[in-house]
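Single-letter residue listing:
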Amino acid sequence: MEDSPYEIHKAVARANRSFYRIFQARQLDAMRALWLDSDEIQCVHPGSEVLVGREKVLGSWGAIFEHTQEICFELHDTQIQVAGTSAWVTQVEMINVQTDEGWQKSAAVGTNVYVLKDGEWRMALHHGSPLHRRFFPPGE
């Protein structure tokens, strides 16, 4: 029996929440398990180049976790789209990072792409883009 669109949407939302929980907890093994096991995965950290391949992508997470004392996210405006065995999630990430200089705040737009593999939604792409201003169309 196939899952309903509602159940599929919920499963993608769970995978996306897991990504941010893992990120906040700085758990490299869990991050490794969340990503699709493929050399075609990609990641763009805010202000960074495109990282392609499992070694580069997971190496970047290891470096971030090693050099981050604490990080907290507040997610806003989350949108989830599903097309067959692929899904993408967009959201505004309000990011608070503990550094040697104290707490630093920033904002980014996050796009996460997931692929259904062996019954689990696995991340295939994370793209974080710095958010410097919000755009509100006329009439809003």
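This write-up is about the structure you can find in this document.

Criteria and cut-off values
- Residues numbered from 1 in each chain as written.
- Predicted model: local features only at pLDDT ≥ 70, side-chain atom pairs only at ≥ 80, totals over all residues.
- Heavy atoms only, no water.
- Pairing = 2+ DSSP bridges.
- Helix = DSSP H or I, 4+ residues; strand = E, 2+ residues; numbered from the N terminus.
- Contact = heavy atoms within 4.5 Å.
- Axes fitted to C-alpha atoms, helices over the stretch in contact; angles between N-to-C directions.
- Disulfide = S-S within 2.5 Å.
- Buried < 20%, exposed > 50% of the residue type's maximum accessible area, 1.4 Å probe, protein only.
- 1 Å grid on protein atoms, 1.4 Å probe; cavity = no way out; pocket = protein on both sides within 12 Å on 5 of 7 lines; lining within 4 Å.
- Points joined across faces, edges and corners; volume = space filled by probe spheres on them.
- Nonpolar A, V, L, I, M, F, W, Y, C, P; charged D, E, K, R; others polar.

Let's shift gears to the sheet that holds strand β4 (residues 86–99). In spatial order, the strands read β2-β1-β6-β5-β4-β3; together these six strands make up an open sheet with mixed pairing. In this open sheet, the two strands that pair with only one neighbour each are β2 (51–52) and β3 (70–83). In terms of strand pairing, β4 meets strand β5 (residues 102–117) through 14 bridges, oriented antiparallel. When the sheet's bridge partners are listed, V89 is paired in β5 with N112. Each of β3, β4, β5 and β6 (120–130) is contacted by helix α1 (residues 5–25), which is oriented at about 160° to β3, the strand it contacts most.

This brings us to the state of the cysteines. One pass over the full model with this rule turns up zero disulfides. Its sulfur unpaired, C43 is 19 Å from the next cysteine sulfur, which belongs to C72. What makes C43 buried here is its relative accessible area of 0%.

So, on to the layout of surface pockets. Quantified by volume, the largest pocket comes out at close to 280 Å³. Contributions of two or more residues to the lining of the largest pocket are made by α1 and β6. Among the elements that line the lining of the largest pocket, the one with the most residues is α1, at six residues. Looking at the lining of the largest pocket residue by residue, the class counts come to six nonpolar, four polar and five charged. By volume, the second largest pocket amounts to about 190 Å³. F23, P46, I71, F73 and I95 are, among the 15 residues lining the second largest pocket, the residues nearest its centre. Elements with a minimum of two residues in the lining of the second largest pocket: β3, β4, β5 and β6. Of the residues belonging to the lining of the second largest pocket, the class tally is 10 nonpolar, four polar and one charged.

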